[in-house]
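As a plain string of letters, each chain reads:
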Amino acid sequence: MKVLVIGSGAREHALVWKCVQSELVERVYCAPGNGGTGGMARNIPIGAADVVRMVEFAKRERIGLVVLGPEVAVDAGMGDALRKAGFNVFGPNRGAGRIESSKSFAKQLMARAGIPTADYAVFTDPAPARDWARERGGQVAVKADGLARGKGVIVCASVDEANAAIDAMLVQSRFGRSGATIVVEEKLQGPELSVLAITDGTDVLALAPARDFKRAHDGDRGPNTGGMGAYSPPAGIDAAVLDDVLANVLKPAVRELADSGDEFRGVLYAGLMLTPSGIRTLEFNARFGDPEAQVVLPRLESDFVALALAAAKGTLASIPDPKWDPRAAVGVVVASANYPDDALMKTGFPIRGLAEMPRGVQVFHAGTRFEPGRGLVTDGGRVVTAVALGDTVAEAREKALAGARQVRFQGAFYRSDIAQEAI
Ligand code: AMP
Ligand code: GLY
């Protein structure tokens, strides 16, 4: 079978890496891919949201399974168009993808399905939004309704901060159309947890849990990013927590989507907070997390393609539960100077050290590009994720950090405290 992975991040490199290991697979394509996917799959220069050309390509190559990596592909209607053309697609249609692409849609769905989440209200006018935030002493999270590459949430600690966040979105339009509607919700406290599940719209299989680190710098300082590292399994998460998430968050969400005519096939990702009063859902994503995929997929011992194909076809019930490597996985993202500030970030720098990785370190590429004559150069904010498995989190972490240290380019930085909490 031929598999097409859509996207260009380290998540997609990890997906490609997993797909090429499958006995069901004869060839893997990645569109558009990056400098790393090009080494193990064929990169196809079609953008992740270019629906028309993607469908043409899938027809020409008789693709057996399409895996949607990023939310932009889901939101472009890639799943709808490919399904309509008869392909097996692992990833939801646009309608079901609103669970990620519209925070107000997600909050309403959670309310209908009784999924525990923060109190909230939806606004398009700044004045009532400011009132709502002031009544809560400014202890709120202000969220752009639409997609914002993981950067559309401002967690506030005062009325002034809340007003500034509300104005940035509703008055100054700093998040464009994504921020023309906002969700303001009560600020919650507690450790975070990502639980991803594979679903065919009916059956729901939870994957190994992970924790990602969203702030740019050590000690959870600096701006929110797409994610600077992750590890799996997170400290202090037992089977009871996962059962709770499956029964009270993931399954009700999948059922509610199906009941309202938006069957979800693919990966549903619940971003959770473990508060003193129990689990609360912060967000859903309609795809694998990045960098969660880079630490969850290496622990998956079962054939990912078999799972994804069953989810795409609606036959997940016939597949055995996934098997997991008991070892821990830690992933450390190496990023370009000034990431996530696109205005200040520079790319195009040669990348050195990838050939001298310590044993057992897997490097998943994100913002890398192969330039004839110059070799591999940086091509984005998050450049690579260095991932390692270990019998303990400490061992995996040491190896992953040794790998990250080897990756050298002008302005490279990484967080040195990923997974440290578990040691
Ligand atoms: P989201 O994209 O909704 O997951 O939000 C990004 C990050 O903002 C989360 O990972 C949390 O760290 C933080 N966050 C979101 N919602 C809240 C909330 N209600 N209370 C506190 N922090 C939040
Ligand atoms: N790591 C968070 C995300 O993928 O949205």
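Residues numbered from 1 in each chain as written. Chains lettered and ligands numbered in written order. Predicted model: local features only at pLDDT ≥ 70, side-chain atom pairs only at ≥ 80, totals over all residues. Heavy atoms only, no water.

Asks: Account for the packing of aromatic side chains, naming residues and giving values.
Replies: Any aromatic ring pair is given by two values, namely how distant the centres are and how the planes are angled relative to each other. For the structure shown, the criterion picks out 5 aromatic pairs. Seen in terms of ring centroids, Trp 17 and Phe 364 are 5.3 Å apart; in terms of plane orientation they differ by 75°. Their pairing is edge-to-face. Taken together, the positions of Trp 17 in helix H1 (residues 10–20) and Phe 364 in strand S19 (residues 361–365) put the pair 347 residues apart, joining distant regions of the chain. Arranged with centres 6.0 Å apart and planes meeting at 55°, the rings of Phe 288 and Phe 304 form a pair that is tilted. Of this pair, Phe 288 sits in the loop between strand S17 (278–285) and helix H11 (292–296) while Phe 304 sits in helix H12 (residues 304–313); the two residues are 16 residues apart in sequence, bridging distant segments of the chain. Directly above the aromatic system of Trp 132 lies the positively charged group of Arg 136, at a separation of 3.6 Å from the ring centroid. (Phe/Tyr/Trp six-rings, centres within 6.5 Å; stacked < 30°, edge-to-face > 60°. Helix = DSSP H or I, 4+ residues; strand = E, 2+ residues; numbered from the N terminus. Lys NZ or Arg CZ within 6 Å of the ring centre and 35° of its normal.)

Asks: Give me the sheet that holds strand S16 (residues 266–275): which residues, what numbers.
Replies: Spatially, the 4 strands line up as an open sheet ordered S11-S10-S16-S17, and their pairing is antiparallel. Each edge of the sheet is formed by a strand with only one pairing partner; in this case those strands are strand S11 (204–206) and S17. Pairwise comparison of adjacent strand axes, ignoring direction, gives a mean angle of 35° for this sheet. Contacts between helix H10 (residues 239–259) and the sheet are confined to strand S10 (192–199), S11, S16 and S17, with S16 contributing the most and set at about 130° to the helix. (Pairing = 2+ DSSP bridges. Axes fitted to C-alpha atoms, helices over the stretch in contact; angles between N-to-C directions. Contact = heavy atoms within 4.5 Å.)

Asks: Kindly report on the side chain of Ser 336, identifying the contributing residues and their values.
Replies: Among the secondary structure elements, Ser 336 is positioned in the loop between strand S18 (328–335) and S19. You can call Ser 336 buried: its relative accessible area is 2%. In contact with Ser 336, other than residues within four places in its own chain, are Met 345, Lys 346, Gly 380, Gly 381, Val 383, Phe 409, Gly 411 and Phe 413. (Buried < 20%, exposed > 50% of the residue type's maximum accessible area, 1.4 Å probe, protein only.)

Asks: So what's going on with the pairing of strand S14 (residues 221–224)? Residues and values would help.
Replies: Relative to S14, strand S13 (residues 215–217) runs antiparallel, the two being bridged by 2 bridges. Across the sheet, the residue bridging to His 217 is Arg 221, located in S14. The hairpin turn running from S13 into S14, its antiparallel successor, is 3 residues long, and Gly 219 in that turn takes a positive phi close to 75°.

Asks: Give me the site of ligand 1: which residues, what numbers.
Replies: In the region of ligand 1, 14 residues are neighbours, and Lys 143, Glu 185, Leu 188, Glu 192 and Glu 283 sit closest. A distance of 3.2 Å separates an oxygen atom of ligand 1 from a polar atom in the side chain of Lys 103. Between ligand 1 and Leu 188, the relevant distance is 2.8 Å, taken from a nitrogen atom to a main-chain nitrogen or oxygen of the residue. Summarising the interface, the protein chains cover 92% of the accessible area of ligand 1, which totals 470 Å² for the free molecule. Counting only elements with at least two residues in the shell around ligand 1, the list comes to strand S7 (140–144), strand S8 (153–155), strand S9 (182–186) and S17. Of the residues contributing to the shell around ligand 1, the split by class is 6 nonpolar, no polar and 8 charged. (Near = heavy atom within 4 Å. Polar contact = N/O pair within 3.5 Å; in protein donor to acceptor, adjacent residues only side chain to side chain. Areas by Shrake-Rupley, 256 points an atom, 1.4 Å probe, with all protein chains shown as cover. Nonpolar A, V, L, I, M, F, W, Y, C, P; charged D, E, K, R; others polar.)

Asks: Run through the environment of Leu 297, naming residues and quoting values.
Replies: Here Leu 297 lies in the loop between H11 and H12. Residue classification places Leu 297 among the buried residues on the basis of a relative accessible area of 1%. When residues no more than four places from it in sequence are discounted, the contact partners of Leu 297 are Ala 14, Leu 15, Trp 17, Lys 18, Phe 288 and Phe 304.

Asks: Break down the nonpolar core for me, with residues and values.
Replies: The biggest cluster of nonpolar side chains holds 43 residues, and the ones touching the most others in it are Val 5, Leu 65, Phe 90, Phe 288 and Phe 304. Element by element, the count of residues in this core is highest for H12, at 8 residues. Contacts of Val 5, omitting those with residues within four sequence positions, involve Glu 12, Leu 15, Val 16, Cys 19, Val 28, Tyr 29, Cys 30, Ala 31 and Val 67. Counting 28 residues, the second largest nonpolar core, distinct from the first, contains Ala 197, Val 241, Val 245 and Ile 279. (Core = buried A, V, L, I, M, F, W, Y, C linked by side-chain atoms within 4.5 Å.)

Asks: Which residues make up the packing of helix H7 (residues 103–113) against H10, and what are the values?
Replies: Remark: H7 packs on H10, axes separated minimally by 10 Å, with the N-to-C direction vectors making an angle of 105°. Taken as axis vectors, H7 and H10 run roughly perpendicular relative to one another. Note on element contacts: H10 touches H7 through Pro 252, Ala 253, Glu 256 and Leu 257, opposite Phe 105, Leu 109, Arg 112 and Ala 113. Per-class residue counts for the contact of H7 with H10 are 6 nonpolar, no polar and 2 charged. (Parallel < 35°, antiparallel > 145°, perpendicular 65-115°, else oblique.)

Asks: Lay out the site of ligand 2 in plain terms, naming residues and giving numbers.
Replies: Asp 212, Gly 226, Tyr 269, Asn 285, Arg 287, Gly 289, Asp 290, Pro 291 and Glu 292 make up every residue found near ligand 2. Backbone polar atom of Asp 290 to an oxygen atom of ligand 2: 3.0 Å apart, as the coordinates give it. Among the residues forming the shell around ligand 2, the class breakdown is 2 nonpolar, 3 polar and 4 charged.

Asks: Requested: an account of unusual backbone geometry, with residues and values cited.
Replies: Pro 233 follows Ser 232 through a cis peptide bond whose omega is -5°. Mapped onto the secondary structure, Pro 233 falls in the loop between strand S15 (229–232) and H10. The peptide bond linking Asp 290 to Pro 291 adopts the cis configuration, its omega dihedral lying at 25°. Note on placement: Pro 291 falls in the loop between S17 and H11. Residues other than glycine seldom take positive phi values, yet Ser 173 does so here, at roughly 50°.

Asks: Which residues make up the sheet that holds S8, and what values go with them?
Replies: Strand order in the open sheet formed by 4 strands is S6-S9-S7-S8, with antiparallel pairing between adjacent strands. Whereas interior strands pair on both sides, the edge strands pair on one side only; in this sheet they are strand S6 (120–123) and S8. Each strand axis lies, on average, 20° off the axis of its neighbour in the sheet, ignoring direction. Across 4 bridges, S6 lies against S9 in antiparallel orientation. The residue of S9 that forms the bridge with Ala 121 is Val 184. Strands S6, S7 and S9 of the sheet are contacted by helix H8 (residues 126–135), whose axis makes an angle of about 160° with S6.

Take it as geometry only, folks, not as evidence of what the structure does.
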